[in-house]
Amino acid sequence: MVTLMSIACGFGSIVISVDNARIGAAQDYRLAAILLVLAGVFDALDGLVARATNTTSEFGMQLDSIADVMNFGCAPGLLLYCYGFVQLGAEQPTLLRLGGIASFFFVACGALRLARFNVNVGRTDPRYFVGMPITAGAACVAAVVVAWPQPPVTPLHGGLIVALLFAVGSLMVSTVRFPSSKQKKSPLALVLLVLNLGLLAWLQALYFALFFAVYIVLTLALNLAWQQGWRGIAPPQTFHD
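Reading guide: rules and limits
Residues numbered from 1 in each chain as written. Predicted model: local features only at pLDDT ≥ 70, side-chain atom pairs only at ≥ 80, totals over all residues. Heavy atoms only, no water. Axes fitted to C-alpha atoms, helices over the stretch in contact; angles between N-to-C directions. Helix = DSSP H or I, 4+ residues; strand = E, 2+ residues; numbered from the N terminus. Parallel < 35°, antiparallel > 145°, perpendicular 65-115°, else oblique. Left-handed = near helix turned anticlockwise from the far one by under 90°. Contact = heavy atoms within 4.5 Å. Nonpolar A, V, L, I, M, F, W, Y, C, P; charged D, E, K, R; others polar. Patch = residues over 30% accessible without salt bridge, like charges linked within 9 Å, V, L, I, M, F, W, Y side chains within 5 Å. Areas by Shrake-Rupley, 256 points an atom, 1.4 Å probe, with all protein chains shown as cover. Salt bridge = Lys/Arg side-chain N within 4 Å of Asp/Glu carboxyl O. Buried < 20%, exposed > 50% of the residue type's maximum accessible area, 1.4 Å probe, protein only. Phe/Tyr/Trp six-rings, centres within 6.5 Å; stacked < 30°, edge-to-face > 60°. Core = buried A, V, L, I, M, F, W, Y, C linked by side-chain atoms within 4.5 Å. Expected span 1.5 Å × (residues − 1).

**Q** Please explain the packing of helix 1 (residues 2-20) against helix 3 (residues 58-86) as it appears in this structure.
**A** Each pair of packed helices gets described by two things: the angle between the helix axes and the distance between those axes. Here helix 1 crosses helix 3 at 15 degrees, and the two axes come no closer than 9 Å. When the interaxial angle is binned, helix 1 and helix 3 end up roughly parallel. Judged by the sense of rotation from one axis to the other, the crossing of helix 1 with helix 3 is left-handed. Listed contacts from helix 3 to Thr-3, Ser-6, Ile-7, Gly-10, Phe-11, Ile-14, Ser-17 and Val-18 of helix 1 are Leu-63, Asp-64, Ala-67, Met-70, Asn-71, Ala-75, Leu-78, Leu-79 and Cys-82. Along the lines of polarity and charge, the residues of the contact of helix 1 with helix 3 split into eleven nonpolar, five polar and one charged.

**Q** Could you clarify how one ought to interpret the environment of Ala-115 in this entry?
**A** Considering the arrangement of structural elements, one finds Ala-115 in helix 4 (residues 93-119). Taking the C-alpha atoms as reference points, Ala-115 and Leu-38, 77 residues apart in sequence, are found 23 Å from one another.

**Q** Help me out: how do you make sense of a nonpolar patch on the surface in this one?
**A** A cluster of nonpolar side chains, contributed by Val-37, Leu-38, Val-41, Leu-45, Leu-48 and Val-49, occupies part of the molecular surface with about 470 Å² of accessible area. Judged by relative accessible area, Leu-48 falls into the partly exposed class, the value being 47%.

**Q** Would you explain the packing of aromatic side chains in this entry?
**A** We describe a pair of aromatic rings using the distance from one ring centre to the other and the angle between the two ring planes. Evaluation of the coordinates by the stated rule reveals ten aromatic pairs. A centroid spacing of 5.9 Å and a plane angle of 35 degrees characterise the contact between Tyr-207 and Phe-211, whose relative ring orientation is tilted. Of this pair, Tyr-207 and Phe-211 both sit in helix 8 (residues 205-227), separated by four residues, roughly a single helical turn. Exposure remark for Phe-211: the relative accessible area of 34% places this residue in the partly exposed category. Connected via pairs of aromatic rings, a cluster forms that spans Phe-178, Tyr-207, Phe-208, Phe-211, Phe-212 and Tyr-215.

**Q** Looking at this structure, I do not really get the side chain of Asn-71. What am I missing?
**A** Within the secondary structure layout, Asn-71 lies in helix 3. The class for Asn-71 is buried, based on a relative accessible area of 0%. Beyond its immediate stretch of four places on either side in the chain, Asn-71 contacts Ser-6, Ile-7, Gly-10, Leu-36, Ala-39 and Pro-76.

**Q** For this particular structure, what's the right way to read the nonpolar core?
**A** When a protein is soluble and globular, its nonpolar side chains tend to lie buried together. Counting 49 residues, the largest nonpolar core has Leu-79, Leu-80, Met-132 and Leu-165 as the members making the most contacts within it. Of all the secondary-structure elements, those providing two or more residues to this core are helix 1, helix 2 (26-52), helix 3, helix 4, helix 5 (134-147), helix 6 (155-173) and helix 8.

**Q** Quick question: what am I supposed to make of helix 2 here?
**A** Since the α-helix packs 3.6 residues into each turn, any two residues three or four apart lie on the same face. Under the 1.5 Å per step criterion, the end-to-end length of helix 2 is 39 Å for 27 residues, consistent within 8% with the ideal 39 Å. Turning to helix 2, its buried residues number three or more, namely Ala-26, Tyr-29, Ala-32, Ala-33, Leu-35, Leu-36, Ala-39, Phe-42, Asp-43, Asp-46, Gly-47 and Ala-50. The inward-facing, buried residues of helix 2 abut helix 1, helix 3 and helix 5. One or two residues past the end of helix 2 sits Asn-54, with phi positive at roughly 55 degrees.

Coordinates in, geometry out; function isn't part of it.
So this is what it looks like as structure tokens:
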């Protein structure tokens, strides 16, 4: 039931995005993006509920994976297509087609990312994700809508959304290691939490866009440092099997 609630949120986001495509109401696009965040909350809760009630099952895992494709692949892809390209498409048909391709690219990369995760469970270091998690990818593109809910009005803005979809999709299917929540906790984590809460109170809607920009830049910098031989933070373990 918790997983189905996450699907309901994803479906609601799709309905609002489609209904609002020709209208372009900023508050409706923001609501569609917020529903994706709520879907992420239910996605985190279903695993916690399953473990707490000792009801973990293969069926539940498969349902959760299917829900993730819709909630964090199809729903954000369609949201960004309606938000970024439908109204511009009347005067910029080429941009509309390019936006459709970019949106599908994001959805396809999300599906590939989930499939790779499913077959690699237990074969990779649990402290790190291989590629950006699909939930983070969805939140990354939704954060743009939350921060700037008014649809773009220039081809430049539309082009930036195309670049965003291609960039986030590529990060999801990459082999870049993204830190997971299973990292060893330290006092620094508490300091970072307080700092982020302060930034959220100050920046409000803009906070989420800033958070994911910093998250991606720091992760790429960490992976580059590992390649250069730096071991200040332990790199992920590798397994031959």
